[in-house]
Amino acid sequence: MLPSRKTITGKVLLAQKASKKGDIVLVTPDVIIADLMELGRSVDEIPRILCELLENTRPDDYVGKRPPQRSYETVISGCELFAFKATSKTIGCTLYYKFTIKEDVLWLVSLHRDRSEKKGK
C-alpha cells in the first residue's frame, strides 16, 4: 500500500530537516493561526512544536490517504500531502498535522488538535 513505510520515514526526515532550519511556510496562515490560538499557542512556536511532533512520529502514525492526496492549493498544487496524528507532550494532547515538502521547504497545511479525539472517538 502506498505510501510505503520507507517513503513515510523519508518524508518525516525531510520535514525534520526543514523544520530545524526554520524552512516552514504556512499554506493557509489564518486557519493555522486560529487553530494554534485554540491550543493556547502562537505562530512563533510552530518550529518547536513541529520538531517535537516529527521526532516522535512513526510510520504507523500516518493517517493520510493511500496513495497520498495531492494538493489543490495553488502554491503546492499537485504535491503529495502527508497527514499524521502524534501526541505532543508540550501541548498535552494528540495533534493532527499535514504537510508536503517542496524544494526542501516544509509547507504546513494543517496543525490542530486531533478532532476525532475531541469528539471522543
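Look up: the structure comes first, before these words.
Our subject in this report is the structure included herewith.

Criteria and cut-off values
Residues numbered from 1 in each chain as written. Predicted model: local features only at pLDDT ≥ 70, side-chain atom pairs only at ≥ 80, totals over all residues. Heavy atoms only, no water. Helix = DSSP H or I, 4+ residues; strand = E, 2+ residues; numbered from the N terminus. Buried < 20%, exposed > 50% of the residue type's maximum accessible area, 1.4 Å probe, protein only. Pairing = 2+ DSSP bridges. Axes fitted to C-alpha atoms, helices over the stretch in contact; angles between N-to-C directions. Contact = heavy atoms within 4.5 Å. Patch = residues over 30% accessible without salt bridge, like charges linked within 9 Å, V, L, I, M, F, W, Y side chains within 5 Å. Areas by Shrake-Rupley, 256 points an atom, 1.4 Å probe, with all protein chains shown as cover. Salt bridge = Lys/Arg side-chain N within 4 Å of Asp/Glu carboxyl O. Core = buried A, V, L, I, M, F, W, Y, C linked by side-chain atoms within 4.5 Å.

The next subject is the side chain of Ser110. Position of Ser110 relative to the elements: it lies in strand S4 (residues 105-113). For Ser110, a relative accessible area of 15% gives the class buried.

Attention shifts here to the sheet that holds S4. Backbone-to-backbone hydrogen bonds pair the strands of a sheet. The strands run either parallel or antiparallel. Ordered in space as S1-S4-S3-S2, the four strands form an open sheet in which the pairing is mixed. This sheet does not close on itself; its edge strands, each paired only once, are strand S1 (24-26) and strand S2 (82-88). Neighbour to neighbour, the strand axes of the sheet diverge by 35° on average, direction disregarded. Sitting on the sheet, helix H3 (residues 46-55) touches S1, S2, strand S3 (93-102) and S4, and the angle it makes with S4 is about 85°.

A cluster of nonpolar side chains, contributed by Ile33, Met37 and Val43, occupies part of the molecular surface with about 270 Å² of accessible area. Tracing the sequence through the fold places Ile33 in helix H2 (residues 29-38). The class for Ile33 is partly exposed, based on a relative accessible area of 33%.

Most often, soluble globular proteins keep nonpolar side chains buried together rather than apart. Membership of the largest hydrophobic core comes to 27 residues, with the highest contact counts inside it found for Ile46, Tyr97, Phe99, Leu106, Leu108 and Leu111. Elements with a contribution of two residues or more to this core: helix H1 (5-21), S1, H2, H3, S2, S3 and S4. In this structure Leu106 touches Ala15, Ala18, Ser19, Asp23, Ile24, Val25, Leu50, Leu54, Phe99, Thr100 and Ile101, once residues within four positions along its chain are discounted. Ranked by size, the runner-up nonpolar core spans seven residues in total, among them Val27, Ile76, Leu81 and Val105.

Any link to function would need more than the numbers given here.
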